[in-house]
Amino acid sequence: MGKSNKCKAKKQSYISVPSQIITSLSSSSLQSLLLSPKKAHLNSSFFVGHNYSCRRPRVCLSALFLFVLVGLLRLGWNVNTLVLCSQSFGSNTGKVGERDHQVLVTSQLQSPRPLHLESEFWKQPDGMGYRPCLELSAKYRKASEAILNGRSKYLLVVVSGGMNQQRNQIVDAVVIARILGAALVVPVLQVNIIWGDESEFSDIFDLGHFKRVLADDVRILSSLPSTHVMTRPVEEKRTPLQVSPQWIRSRYLKRINKEGVLLLRGLDSRLSKDLPPDLQKLRCKVAFQALRFAPPILELGNKLARRMQSKGPYLALHLRIEKDVWVRTGCLPGLSKEYDEIVHNERRRHPEFLTAKSNLSYHERKLAGLCPLNAFEVTRLLKALGAPRSARIYWAGGQPLGGKEALSPLTREFPHFYNKEGLALPGELEPFANKASFMAAIDYIVSEKSDVFMASHGGNMGHAIQGQRAYAGHKKYITPNKRHMLPYFVNSSLPEAEFNRIIKELHQESLGQPELRSSKAGRDVTKYPVPECMCKRNKST
């Protein structure tokens, strides 16, 4: 809870992290997010003693003036500080968003941050006039009639992984169905061995919306027609990485024409990221328009987002600091030797979990920018980029290794810290209990609607939200420049002001501005939708 050491003006704030770590927000504390705090006021007893009245006003006023003046001099105050105090006492009734032009008094551990730095943090990047444009070619539209009327070929797919990984595979499944001219049966979501979530497609996504949006591109069926129920599908498990449409046709077209049904598993990264323009647009159409969350998830996610928005702008953080992330990346959490040993032991017991390059040491991997940022590094980065102490942060992610201790650098510096468990009223999350995909979807919605988003590491969710925010008009997205900034983090001799200047300079082009996918060969168009899915329209159109 922030408190000015100079003004002594109290200001309410709440810290909320998962119930396993810190007790969640009560419904009464949640009201602080929905209702503006009361005006601070001066207690009259400060000026008037017990049963005391001043019979000589001039003497009393002189004495009071001298008392205040001596007090100010002893405390080392100046006129500017007095002005700050008066602003702090008189402005507590407004929303945070309405205080963007107000000087905030911070704690004694942090000098007051200039006003322009605070408002600059919430400033959105220049979208350079790019807007969604998914106009398809005449050739594509002409081929659609035969594809949509076809009744002989059906594609079954089984998608695996977490919710965001499944999204990627669903996008590619639609494109592969289009390439083969086949009808797509609603994808089967494989039960995740880590989270044990048995949700089906229609539990997570709005199936009716999915079918309507893609009605002119691919025929979507809820199940195989009765004429093919007894057909033994041709199953393919060995599709190589980054295959082209030509490879798909040469490998599968003859087989699906003959058998009628093709079953594909493990589609992750199987389809090339470099496709013809029409298929790239179809990818964007699926990712940004067709894959809408199911109404119950959408309703709760939007409700939590509105609670965060009720006091103005907010930042969403996707923190990748769970135990499995440290194990898989070959990195260490930077907490203590005890937690380092936990990670080492898990890696020794399950060497198959390590997905990073094993020929690099931890320190080499860290300096190469291959490790997630821990909470201390995220805090320093946000402060250097101008995030005000008053910033309200929505935290998305699983339980961090180290619990409360792992989050303490963030919660000390940014006390307005929330997550879905803290924002939800009693009972709101109960329908989604033990459903990892539901929880991930809620995090996705609240994060996507934030004013600023940052992920401490890459990953499917960060990539998906990056593309979604670009498609929505290039909303601010901070991409940590880990490889270049980390050497400055370990340089203890660097003055704080110089450190902040360097970090800002390193991130000038990493704040969500339009980036051409053509300059990043092999990158996913659903992460970089310019120029295939977004273009600069003429003023006359």
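Everything numeric here is computed off the predicted structure, so don't read it as measured data.

## A look at helix α20 (residues 482-489)
- Residues of α20 that are buried include every one of Lys-482, Met-485, Leu-486 and Phe-489, and no others. The arc enclosing the buried residues of α20, seen along the axis, measures out at 110 degrees, which places them on a common side.
- Buried residues belonging to α20 abut α14 (362-367), α15 (375-384) and α21 (496-506).

## A short note on the packing of α15 against α20
- Contact geometry of α15 with α20 gives a least axis separation of 12 Å together with a crossing angle of 95 degrees. With respect to α20, the axis of α15 lies roughly perpendicular. When α15 is examined against α20, the residues Glu-377, Arg-380 and Leu-381 are found in contact with a partner set consisting of Met-485, Leu-486 and Phe-489.

## Notes on the state of the cysteines
- According to the stated counting rule, one finds three disulfides in the structure shown.
- Disulfide pairing places Cys-133 opposite Cys-535 at an S-S distance of 2.2 Å. Linking Cys-133 in the loop between β1 (130-132) and α5 (138-149) with Cys-535 in strand β13 (residues 534-536), this pair joins segments that are 402 residues apart in sequence.
- For Cys-284, the disulfide goes to Cys-533, at an S-S distance of 2.0 Å. Here the S-S torsion is close to 85 degrees, and the disulfide linking Cys-284 with Cys-533 is therefore right-handed. In this pair, Cys-284 sits in helix α10 (residues 277-290) while Cys-533 sits in the loop between α21 and β13, placing the two residues 249 residues apart along the sequence.

## A short note on the nonpolar core
- Membership of the largest hydrophobic core comes to 82 residues, with the highest contact counts inside it found for Leu-155, Leu-184, Phe-210, Phe-293, Ile-297 and Ile-442.
- Mapped onto the domain boundaries, this core takes at least three residues apiece from domain 1 (138-290) and domain 2 (295-536).
- Every residue in contact with Ile-442, bar those within four places of it in the chain, is listed here: Ile-297, Leu-300, Gly-301, Leu-304, Tyr-394, Lys-420, Leu-429 and Phe-432.
- Judged by nonpolar contacts, the second largest core, of 39 residues, contains Val-327, Val-378, Leu-401 and Phe-417.

## Description of the sheet that holds strand β11 (residues 452-455)
- Read from one edge to the other, the open sheet built from five strands follows the order β10-β9-β8-β11-β12, with strand pairing classed as parallel. Across the chains shown, the open sheet's two edge strands, defined by having one partner strand only, are β10 (417-418) and β12 (476-478).
- Across the face of the sheet, helix α18 (residues 436-448) comes into contact with β8 (314-318), β9 (392-396) and β11 while running at roughly 150 degrees to β9.

## Details of the side chain of Thr-411
- Examined against the element boundaries, Thr-411 turns out to sit in helix α16 (residues 403-413).
- In terms of polar contacts, Thr-411 uses its side chain to reach the backbone carbonyl oxygen of Ser-408, at 3.3 Å.

## So, the side chain of Thr-379
- Summarising the element assignment, Thr-379 is placed in helix α15.
- Only 2.7 Å separates the side chain of Thr-379 from the backbone oxygen of Ala-375, close enough to count as a polar contact.
- The contacts of Thr-379, once residues within four sequence positions are left out, are Pro-409, Leu-410, Glu-413 and Phe-414.

## Focus on the packing of aromatic side chains
- Across all of its chains, the model carries eleven aromatic pairs by this definition.
- Considering the side-chain rings of Trp-395 and Phe-417, the 6.2 Å spacing of their centres and the 20 degrees angle between planes classify their relative orientation as stacked. Here Phe-417 lies in strand β10 and Trp-395 lies in strand β9, a separation of 22 residues in the sequence. Each member of the pair Trp-395 and Phe-417 is classed as buried.
- An aromatic cluster is present here, built from Phe-201, Phe-205, Phe-210, Phe-293 and Tyr-444 joined pairwise through their rings.
- Here the basic side chain of Arg-167 rests over the ring of Tyr-444, its NZ or CZ set 4.9 Å away from the ring centre.
- A cation over an aromatic ring shows up here: Arg-380 above the ring of Phe-489, its NZ or CZ 5.4 Å from the ring centre.

## Looking at the confidence of the model for the protein chain
- Here the protein chain averages 81 in pLDDT, while 76% of its residues score no lower than 70.
- Scored below 50 in pLDDT, residues 1-29 shows 75 contacts in the model against residues more than four places distant or in partner chains.
- Low confidence marks residues 35-55, where pLDDT is under 50. Its contacts with residues over four positions away, or in another chain, come to 15 contacts.

Rules used in this analysis
- Residues numbered from 1 in each chain as written.
- Predicted model: local features only at pLDDT ≥ 70, side-chain atom pairs only at ≥ 80, totals over all residues.
- Heavy atoms only, no water.
- Buried < 20%, exposed > 50% of the residue type's maximum accessible area, 1.4 Å probe, protein only.
- Helix = DSSP H or I, 4+ residues; strand = E, 2+ residues; numbered from the N terminus.
- Arc of directions from axis to C-beta.
- Contact = heavy atoms within 4.5 Å.
- Axes fitted to C-alpha atoms, helices over the stretch in contact; angles between N-to-C directions.
- Parallel < 35°, antiparallel > 145°, perpendicular 65-115°, else oblique.
- Disulfide = S-S within 2.5 Å.
- Core = buried A, V, L, I, M, F, W, Y, C linked by side-chain atoms within 4.5 Å.
- Domains from an automatic or database assignment.
- Pairing = 2+ DSSP bridges.
- Polar contact = N/O pair within 3.5 Å; in protein donor to acceptor, adjacent residues only side chain to side chain.
- Phe/Tyr/Trp six-rings, centres within 6.5 Å; stacked < 30°, edge-to-face > 60°.
- Lys NZ or Arg CZ within 6 Å of the ring centre and 35° of its normal.
- pLDDT = per-residue confidence, 0-100.

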